[in-house]
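Here are the chains, one letter per residue:
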Amino acid sequence: MGRATLVRHDGRRAALAFLIVSLLMTLTTPLRAAERPLNLVALGDSLTAGFGLPADAAFPVQLEAALKARGHAMTIANAGVSGDTATGGLDRVAWSVPDGTDGVILELGANDMLRGTDPAVTEKALDAIISGLKARGIPVLLAGMRAAPNLGPDYGRRFDAIYPRLAARYGLILYPFFLDGIAGDRSLNLADGLHPTKAGVARIVTGILPSVEDFVTRLRKGA
């Protein structure tokens, strides 16, 4: 075998090795950068809307920024309406969540609780929102709420049971308490004691972020 033949063989081996390495790199490189942006909607009340805060401090804006910082391509529309109840959310869900939405973060029920609404009414409305979105092929992450102690133990038990029951019924990711870590903390709430400050919203985002990332994983897998 002559020198020219050896050179040709060595060149082919090198080309083949390069091809194999390139293929392996393609298969093992994270795909996140090439993924299309997800379109989420945060459907809620004043806690979502950002009552008393500048627009860039609202929950959907801070959550979107946190997710993008972790490499997730997405937008989160703010569909929060101050004062909304679960029934109010049901009345507007069709136009608040447009076609093409990949997923919904559902945060409603706080105003029902503050008004002492029968938990059965709240659950019925939330159930209808979730089932309607499911029929449209739009997955839901459910953000739970808990009853204030002054409403009594019976009301508290009935209200607090709404969210775990709905999550189990529909196989949803549940973030048990939207205000976890800030409820009752004056330093993280506005003067009314009900709505979070910008720092309070940041605390909410930190708490819910792992659940939202699990939700995003489900959406990417088409679950």
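Whatever comes next refers back to the structure up there.
Residues numbered from 1 in each chain as written. Predicted model: local features only at pLDDT ≥ 70, side-chain atom pairs only at ≥ 80, totals over all residues. Heavy atoms only, no water.

Undergrad: Describe the overall build of the chain, and please don't skip the residues or the numbers.
TA: Each helix and strand in the chain was counted, giving nine helices and five strands. The linear arrangement of helices and strands in the chain, starting from the amino end, is α-β-α-α-β-α-β-α-α-β-α-α-β-α. The buried share among the 223 residues of the chain stands at 43%. Partitioning the contacts of the chain with sequence separation of at least 6, the portion at a separation of at least 24 is 77%. Summed over its atoms, the accessible surface of the chain is roughly 11,700 Å², and 60% of this surface lies on carbon and sulfur atoms. (Helix = DSSP H or I, 4+ residues; strand = E, 2+ residues; numbered from the N terminus. Buried < 20%, exposed > 50% of the residue type's maximum accessible area, 1.4 Å probe, protein only. Contact = heavy atoms within 4.5 Å. Areas by Shrake-Rupley, 256 points an atom, 1.4 Å probe, with all protein chains shown as cover.)

Undergrad: An account of the nonpolar core is requested, with residue identities and associated values reported.
TA: Among the nonpolar cores identified, the biggest contains 59 residues, and Leu43, Phe59, Leu63, Val104, Leu106, Met145 and Phe178 are the most heavily contacted of them. For Leu106, the residues in contact, after removing those within four places along its chain, are Leu43, Leu126, Ile129, Ile130, Val140, Leu141, Leu142 and Ala143. (Core = buried A, V, L, I, M, F, W, Y, C linked by side-chain atoms within 4.5 Å.)

Undergrad: So what's going on with the packing of helix H6 (residues 119-135) against helix H8 (residues 162-170)? Residues and values would help.
TA: Their axes nearest at 10 Å, the elements H6 and H8 cross at an angle of 30°. The orientation of H6 relative to H8 falls into the category roughly parallel. Crossing geometry of H6 relative to H8 is assigned as right-handed. In this structure, H6 contributes Pro119, Thr122, Glu123, Leu126, Asp127, Ile130, Ser131 and Lys134 to the contact, and H8 contributes Ile162, Tyr163, Arg165, Leu166, Arg169 and Tyr170. Of the residues in the contact of H6 with H8, the class split is seven nonpolar, two polar and five charged. (Axes fitted to C-alpha atoms, helices over the stretch in contact; angles between N-to-C directions. Parallel < 35°, antiparallel > 145°, perpendicular 65-115°, else oblique. Left-handed = near helix turned anticlockwise from the far one by under 90°. Nonpolar A, V, L, I, M, F, W, Y, C, P; charged D, E, K, R; others polar.)

Undergrad: Before we move on, could you go through the sheet that holds strand E3 (residues 103-107) and cite the residues and values that matter?
TA: Paired through their backbone hydrogen bonds, the strands of a sheet run either parallel or antiparallel. On the basis of which strands lie adjacent, the open sheet formed by five strands has the order E2-E1-E3-E4-E5 and parallel pairing. Lying at the two open borders of the sheet, with one neighbouring strand each, are strand E2 (74-80) and strand E5 (173-175). The sheet shows a mean angle of 20° between the axes of neighbouring strands, direction not considered. Judged from the five bridges that link them, strand E1 (residues 38-44) and E3 form a sheet pairing that is parallel. Note on E3: the bridge partner recorded for Leu40 is Gly103. Here helix H3 (residues 59-69) sits on the sheet and contacts E1, E2 and E3; the angle it forms with E2, its principal contact strand, is near 165°. Sheet strands in contact with helix H9 (residues 198-221) are E1, E2, E3, strand E4 (140-143) and E5, and its direction is about 165° off that of E5. (Pairing = 2+ DSSP bridges.)

Undergrad: Please provide a residue-by-residue account of the pattern of salt bridges, values included.
TA: Side-chain pairs of opposite charge can arise whenever the charged atoms involved come near each other. Taken as a whole, this structure holds nine salt bridges when the rule is applied. Arg36 is paired through a salt bridge with Asp102; the nearest N and O atoms lie 2.6 Å apart. Taken together, the residues span a long stretch of sequence, with Arg36 in the loop between helix H1 (3-28) and E1 and Asp102 in the loop between helix H4 (86-96) and E3 at a distance of 66 residues. Among the ionic pairs, Glu64 bridges to Lys68, the shortest N-O distance being 2.9 Å. Here Glu64 and its partner Lys68 are both found in helix H3, four residues apart, which amounts to about one turn of the helix. On the accessibility criterion, Glu64 (18% relative accessible area) is buried. The structure contains a network of salt bridges with shared partners spanning Glu123, Asp127, Arg165 and Arg169. (Salt bridge = Lys/Arg side-chain N within 4 Å of Asp/Glu carboxyl O.)

Undergrad: Can you explain the pairing of E4? Please cite residues and give values.
TA: Side chains Val140 and Leu142 project from E4 onto one buried face, and the interleaved Leu141 and Ala143 project onto a second face that is buried too. Note that E3 and E4 share three bridges and pair parallel. Its bridge partner being in E4, Val104 is matched across the sheet by Val140.

Undergrad: Pulling in residues and values, what's your account of the layout of surface pockets?
TA: In this structure, the largest pocket occupies an estimated 340 Å³ of space. In terms of lining, the largest pocket is formed by 21 residues, of which the most central are Met113, Leu114, Met145, Leu179 and Leu194. Breaking the lining of the largest pocket down by element, the ones donating at least two residues are helix H2 (46-49) and helix H5 (110-114). At four residues, H5 tops the list of elements feeding residues into the lining of the largest pocket. Classifying every residue of the lining of the largest pocket gives 13 nonpolar, six polar and two charged. Roughly 190 Å³ of volume is contained in the second largest pocket. For the second largest pocket, the lining is made up of twelve residues, of which Pro139, Val140, Tyr170, Gly171 and Leu172 are closest to its centre. Where the lining of the second largest pocket is concerned, the elements lending two or more residues are H6 and H9. Its residues placed into classes, the lining of the second largest pocket shows nine nonpolar, one polar and two charged. (1 Å grid on protein atoms, 1.4 Å probe; cavity = no way out; pocket = protein on both sides within 12 Å on 5 of 7 lines; lining within 4 Å. Points joined across faces, edges and corners; volume = space filled by probe spheres on them.)

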